[in-house]
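Single-letter residue listing:
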Amino acid sequence: MKAITSRAYGAPATVRVEDVPTPVPKEGEVLIRTFATVVSGAECTARAGRDPLARLYFGLVRPRFPVLGTGFAGEVRAVGSAVEKYHIGDRVMGSMGPRLGAHAEYVTVSEDGVIALMPGGLAPADAVAVLDGALTALPFLRDAAGLKAGQSILINGASGAVGTAAIQLARHFGAAVTAVCSTANLELVKSLGADHVIDYTVEDFTQTTRAYDVVFDAVGKSSYARSRRLLKPGGSYLTTVPSLPILMWALTTRIVGRTRAGIAFTGLRRAPAMARDVRFVGDLAASGCFVPVIDRIYGLDDAASAHAHVETGHKKGSVVVSLQTPGSRLPQRRQGGTEQQHQAPVHPPDRDES
């Protein structure tokens, strides 16, 4: 099979397409033909090797995981012994989790892993775009922030994959949303349900006079020190990017102060909790209550270009890589752009206490 690999740290040019052995499903595993995956900022961080903290996991000298990628959408092509939940021909979506490997034509996943049936009518590109941001945003908003109806949230980096997901999930939970983005993306975030918008090229959001229950920095470009003046008593500042300052503030504010700082390592949660979230966000998208935002779709041979585009820091939503073979006929992406459809509410899974 073909796989997108990066066997040395460096620029997007290190990305290659190689022939590697097709995995064989073991007992309790399913073999999935991958139709779509994504290149995210996390993949670029893992590939570049510039972040010392990231290298502690991805490999100090060379990449531990030459085949990157977490989210996948595809079809079950074979099952190992004792598999009961899935059958050949099932269309599925999910995440490889911290072991990575989704940037390949075939992957094996435990039937008890982070996997769920893909809802009917949801195209593979849409499925991976939904998972790309929502599997991060949902634990932050629901678990770490405990976001509730009637509360307010400011989302910095609102036009990226995590940010566009956070806007829609916050609105689904009944919160008032202020979105921070560049001029070019103001209409996009409004269309996703933002009540207020701040153009960071014109205004420093940390100087706003509004107060919020939650400040969610989806891109890690601000800090608790700069943002805490925006928080109401009992409010929380959350960031997706680990650093020594946020770890220190997280510990300190648990003991003293009227506001909190925190970070959540969403990719390290237990598989059953993540699988419930896959089903929830998939159903939310299928119902029309969550609109996948896709910046561009690249082919397998253009994976290096996908990495280069993500690394610019200016993508809108998700960058998808299609692994479909030429001439294949799979359901096309749903039409309608980013226009929200009002459907019956999809109730989120219970708060993850793991």
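Residues numbered from 1 in each chain as written. Predicted model: local features only at pLDDT ≥ 70, side-chain atom pairs only at ≥ 80, totals over all residues. Heavy atoms only, no water.

The chain has the name NAD(P)-dependent alcohol dehydrogenase in an unreviewed UniProt entry, where Arthrobacter crusticola is given as its organism.

## A look at the environment of Arg 276
Mapping Arg 276 onto the fold places it in helix H8 (residues 271-286). A residue is classified by how much of its surface remains accessible, and Arg 276, at 37% relative accessible area, is partly exposed. Considering only alpha carbons, one finds Arg 276 and Val 291, 15 residues apart in sequence, at a separation of 19 Å. (Helix = DSSP H or I, 4+ residues; strand = E, 2+ residues; numbered from the N terminus. Buried < 20%, exposed > 50% of the residue type's maximum accessible area, 1.4 Å probe, protein only.)

## As for the sheet that holds strand E12 (residues 231-239)
Within the open sheet, the 6 strands sit side by side as E10-E9-E8-E11-E12-E13. Their pairing is parallel. Single-partner strands in this sheet number two, and they are strand E10 (196-199) and strand E13 (260-263). For this sheet the average axis-to-axis angle between neighbouring strands, irrespective of direction, equals 15°. Strand direction decides the pairing type here: strand E9 (residues 176-181) and E10, joined by 4 bridges, are parallel. Its bridge partner lying in E10, Val 180 is registered against Ile 198. Here helix H3 (residues 124-144) sits on the sheet and contacts strand E8 (152-156), strand E11 (212-217), E12 and E13; the angle it forms with E12, its principal contact strand, is near 155°. The sheet contacts of helix H7 (residues 244-253) involve E12 and E13, and relative to E13 the element is tilted by about 135°. (Pairing = 2+ DSSP bridges. Axes fitted to C-alpha atoms, helices over the stretch in contact; angles between N-to-C directions. Contact = heavy atoms within 4.5 Å.)

## Section: the nonpolar core
The biggest cluster of nonpolar side chains holds 56 residues, and the ones touching the most others in it are Leu 141, Ile 153, Leu 169 and Phe 216. Counting only elements with at least two residues in this core, the list comes to strand E3 (29-39), H3, E8, helix H4 (161-172), E9, helix H5 (186-191), E11 and H8. With 12 residues, H3 is the largest single contributor of residues to this core. Viewed by domain, this core spans two of them, domain 1 (2-118 + 293-322) and domain 2 (133-266), each represented by three or more residues. When neighbours within four sequence positions are excluded, Leu 169 is seen to be in contact with Ala 134, Ala 137, Leu 138, Leu 141, Phe 280, Leu 284 and Phe 290. In this structure, Leu 154, Leu 230, Ile 246 and Ala 261 belong to the second largest nonpolar core, which totals 13 residues. (Core = buried A, V, L, I, M, F, W, Y, C linked by side-chain atoms within 4.5 Å. Domains from an automatic or database assignment.)

## Focus on the domain arrangement of the chain
Taken domain by domain, the chain holds domain 1 (2-118 + 293-322) and domain 2 (133-266). Here the C-alpha centroids of domain 1 and domain 2 sit 27 Å apart. Taken together, the 7 residues of domain 1 in the interface contact 11 residues of domain 2. Across the interface of domain 1 and domain 2, roughly 640 Å² is buried in total on both sides, 63% from carbon and sulfur atoms. Taken together, domain 1 and domain 2 are joined by 0 salt bridges. Joining domain 1 to domain 2, the criterion identifies 3 residue pairs in polar contact (both at pLDDT 80 or more). A breakdown of the residues in the side of domain 1 that touches domain 2 according to their chemical character gives 2 nonpolar, 3 polar and 2 charged. (Buried area = accessible area lost by both parts, 1.4 Å probe. Salt bridge = Lys/Arg side-chain N within 4 Å of Asp/Glu carboxyl O. Polar contact = N/O pair within 3.5 Å; in protein donor to acceptor, adjacent residues only side chain to side chain. Nonpolar A, V, L, I, M, F, W, Y, C, P; charged D, E, K, R; others polar.)

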